[in-house]
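The residues making up each chain are set out below.
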Amino acid sequence: MAAGLRKRGRAGSAAQAAGLCRQWLQRAWQERRLLLREPRYTLLVAACLCLAEVGITFWVIHRVAYTEIDWKAYMAQVEGVINGTYDYTQLQGDTGPLVYPAGFVYIFMGLYYATGRGTDIRMAQNIFAVLYLTTLLLVFLIYHQTCKVPPFVFFFMCCASYRVHSIFVLRLFNDPVAMALLFLSINLLLAQRWGWGCCCFSLAVSVKMNVLLFAPGLLFLLLTQFGFRGALPKLGICAGIQVLLGLPFLLENPLGYLSRSFDLGRQFLFRWTVNWRFLPEALFLHRAFHLALLVAHLTLLLLFAFCKWHRGKHPVAAEGSIQKEGSIPAPHTQPYPLNCGKIVSTLFTSNFIGICFSRSLHYQFYVWYFHTLPYLLWATPARWLTHLLRLLVLGLIELSWNTYPSTSCSSAALHLCHAVILLQLWLGPQPFPKSIQHGKKAH
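Not measured: the values here are computed from a predicted model.

Novice: Help me understand the pattern of salt bridges, please; the structure alone is not making it clear to me.
Specialist: Applying the stated criterion across every chain yields a total of two salt bridges. In this structure, Glu38 and Arg40 form a salt bridge, with 3.4 Å as the shortest nitrogen-oxygen distance. Note on Arg40: relative accessible area 46%, which makes it partly exposed. For the salt bridge of Asp175 with Lys208, the shortest nitrogen-to-oxygen distance reads 2.7 Å. Here Asp175, found in helix H9 (residues 175–190), pairs with Lys208, found in the loop between helix H10 (194–207) and helix H11 (215–252); they are 33 residues apart in sequence, far enough to count as distant. There is no split in this pair, since Asp175 and Lys208 are both buried.

Novice: What should I look at first to understand the UniProt feature "transmembrane region" (unreviewed entry) in the chain in this one?
Specialist: What UniProt calls "transmembrane region" (unreviewed entry) maps, in this numbering, to residues 41–61, 98–115, 127–146, 177–195, 201–223, 288–307 and 365–384. For residues 127–146, the helix share is 100%, the strand share is 0%, and the end-to-end C-alpha distance is 29 Å. In residues 365–384, helix accounts for 30% and strand for 0%; the two terminal C-alpha atoms are 30 Å from one another.

Novice: What's the story with the packing of H9 against H10 in this structure? I'm lost.
Specialist: For any two helices packed against each other, the geometry comes down to the angle between their axes and how far apart the axes lie. Across the interface, H9 lies against H10 with an axial gap of 8 Å and an inter-helix angle of 170 degrees. In this view, H9 runs roughly antiparallel relative to H10, as classed from their interaxial angle. Residues Val177, Ala178, Leu181, Leu182, Leu184, Ser185, Leu188 and Leu189 of H9 touch H10, and the partners they reach there are Trp194, Trp196, Gly197, Cys198, Cys200, Phe201, Leu203, Ala204 and Val207. Partitioning the contact of H9 with H10 into residue classes produces 15 nonpolar, two polar and no charged.

Novice: In this structure, what is going on with H10? I would like to understand it.
Specialist: Each turn of an α-helix holds 3.6 residues, which means side chains three or four residues apart point in the same direction. The terminal C-alpha atoms of H10, which comprises 14 residues, lie 20 Å apart, in line with the 20 Å expected from a rise of 1.5 Å per residue. Counting buried residues in H10 gives twelve out of 14 residues, a clear majority hidden from the surface. Each element contacted by the buried residues of H10 is listed here: helix H5 (102–114), H9, H11 and helix H16 (340–356).

Novice: Hey, could you run me through the packing of aromatic side chains in this one?
Specialist: Both the distance between ring centres and the angle between the ring planes are used here to describe each pair of aromatic rings. By the definition in use, this model includes 35 aromatic pairs. Ring centres of Tyr143 and Tyr375 lie 6.4 Å apart, and the angle between their planes is 50 degrees; on these two criteria the pair is classed as tilted. Here Tyr143, found in helix H6 (residues 121–146), pairs with Tyr375, found in helix H17 (residues 373–378); they are 232 residues apart in sequence, far enough to count as distant. Taken individually, Tyr143 and Tyr375 each receive the classification buried, so the pair is uniform in this respect. Through a chain of ring-to-ring contacts, the aromatic side chains of Tyr86, Tyr88, Tyr106, Phe249, Tyr257 and Phe262 assemble into a single cluster. The residue whose ring lies beneath Lys234 is Phe226, and the NZ or CZ to ring-centre distance is 4.5 Å. The residue whose ring lies beneath Arg277 is Phe270, and the NZ or CZ to ring-centre distance is 4.9 Å.

Novice: Looking at this structure, I do not really get the nonpolar core. What am I missing?
Specialist: Side chains that are nonpolar tend, in soluble globular proteins, to be buried together. By size, the foremost hydrophobic cluster in this structure holds 129 residues, and its most contacted members are Phe108, Phe348 and Ile397. Sorting elements by how many residues they give to this core places H6 first, with twelve residues.

Novice: Mind showing me how you'd approach a nonpolar patch on the surface here?
Specialist: On the surface, a nonpolar cluster with roughly 450 Å² of combined accessible area is contributed by Leu219, Leu223, Phe228, Leu232 and Leu235. Mapped onto the fold, Leu223 is located in helix H11. Given a relative accessible area of 38%, Leu223 falls into the partly exposed group.

Novice: Looking at this structure, how should I read the state of the cysteines?
Specialist: Disulfides are covalent bonds that link the sulfur atoms of two cysteine residues. For the structure on display, the rule yields zero disulfides. Free of any disulfide, Cys48 has its nearest cysteine sulfur in Cys50, 9.4 Å distant. The class for Cys48 is partly exposed, based on a relative accessible area of 49%. With no disulfide of its own, Cys238 has Cys198 as its nearest cysteine by sulfur position, at a separation of 4.3 Å. Classification of Cys238 as buried rests on a relative accessible area of 15%.

What counts, and where the lines are drawn
- Residues numbered from 1 in each chain as written.
- Predicted model: local features only at pLDDT ≥ 70, side-chain atom pairs only at ≥ 80, totals over all residues.
- Heavy atoms only, no water.
- Salt bridge = Lys/Arg side-chain N within 4 Å of Asp/Glu carboxyl O.
- Buried < 20%, exposed > 50% of the residue type's maximum accessible area, 1.4 Å probe, protein only.
- Helix = DSSP H or I, 4+ residues; strand = E, 2+ residues; numbered from the N terminus.
- UniProt positions renumbered as here; feature names shortened; annotations may be inferred.
- Axes fitted to C-alpha atoms, helices over the stretch in contact; angles between N-to-C directions.
- Parallel < 35°, antiparallel > 145°, perpendicular 65-115°, else oblique.
- Contact = heavy atoms within 4.5 Å.
- Nonpolar A, V, L, I, M, F, W, Y, C, P; charged D, E, K, R; others polar.
- Expected span 1.5 Å × (residues − 1).
- Phe/Tyr/Trp six-rings, centres within 6.5 Å; stacked < 30°, edge-to-face > 60°.
- Lys NZ or Arg CZ within 6 Å of the ring centre and 35° of its normal.
- Core = buried A, V, L, I, M, F, W, Y, C linked by side-chain atoms within 4.5 Å.
- Patch = residues over 30% accessible without salt bridge, like charges linked within 9 Å, V, L, I, M, F, W, Y side chains within 5 Å.
- Areas by Shrake-Rupley, 256 points an atom, 1.4 Å probe, with all protein chains shown as cover.
- Disulfide = S-S within 2.5 Å.

Printed below as a string of structure tokens:
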């Protein structure tokens, strides 16, 4: 009798779950027109796209030829460390010296062993396919929390980008590894886990230093949230991880490690540039041009920091909070946690400004900002920029990155699209989500 009751109980639970699922599907079908327009359906659309991406990604792996560019060089550089060479100036690969920080060495050392000393390319592609899907999941979680971008845009962020699929699973660059850690860091910051967020941010920098383009935004957020003294421990976490990871190489040749892994003055080849093809090569290589870009980069960062980011310093206070009336916040603490819109907007804008004034962009650098473009285009209201125009900007950016070799027209189109996005970010109000998360404690 007891067994019969248990069976009926299980059957009743299954029927109830099936009924709820049926009701949910019926409601989704009734609201199908809103499904692609309302940000509240981000997770549903994201789940469908991720399932589609599983098939697309593995189809690409099995049907499109792998192209060797840097993988063998990565493996040769890592093998040098495995064989006992800790002097960065002595670590070389087929395409040149090792120029990435220590985190890159440890992660690709794991890939070295997982792929039979780098020889099992198919295994490496499968690992990077999982990395790609994980990155998508982390990005969708960010968009779900900000609740600003209409879900139909995510189709163009996923299935429609040939270049991004190629960077992940056909080229096996280290850029996707750095960006996956960066998006994990942002998710932790959105959860108000600032210590862990800074830890993952530093790990991302240790794979490739392009992540430092997000650093001005992170510094601004730390100072806003904690003040100068409160931000110092978080900055100490970032610095401490870099020292800890690089310690074996710092003990062997500190100057060699720092000059190779954090070489800010490294010269790029004109033949690979995506963004400055319309310039004469002599000007492209001239140090005065590089200095002018740096000055423009820093100037725009300061303008955004003081005129845009600082203006929305306490968005939660303006929109309401659960703090009781008449209560007094504790001294030396931030009374209101930064909301999701503030965090994401500041970080994404900081990175985008850096990309606009980069000395050169190579094809694999597309992933540095590809997944942030929908937010940059749609999160800020602008009546003059319709959905169609925003999609046109996305399409022209994709076309520019898929033009090989780059041309004067493709580079000019890329800069034009960047200028449109910058103008929208500057003219539009600071984006904040309508729903504010409460009760999260900053750590």
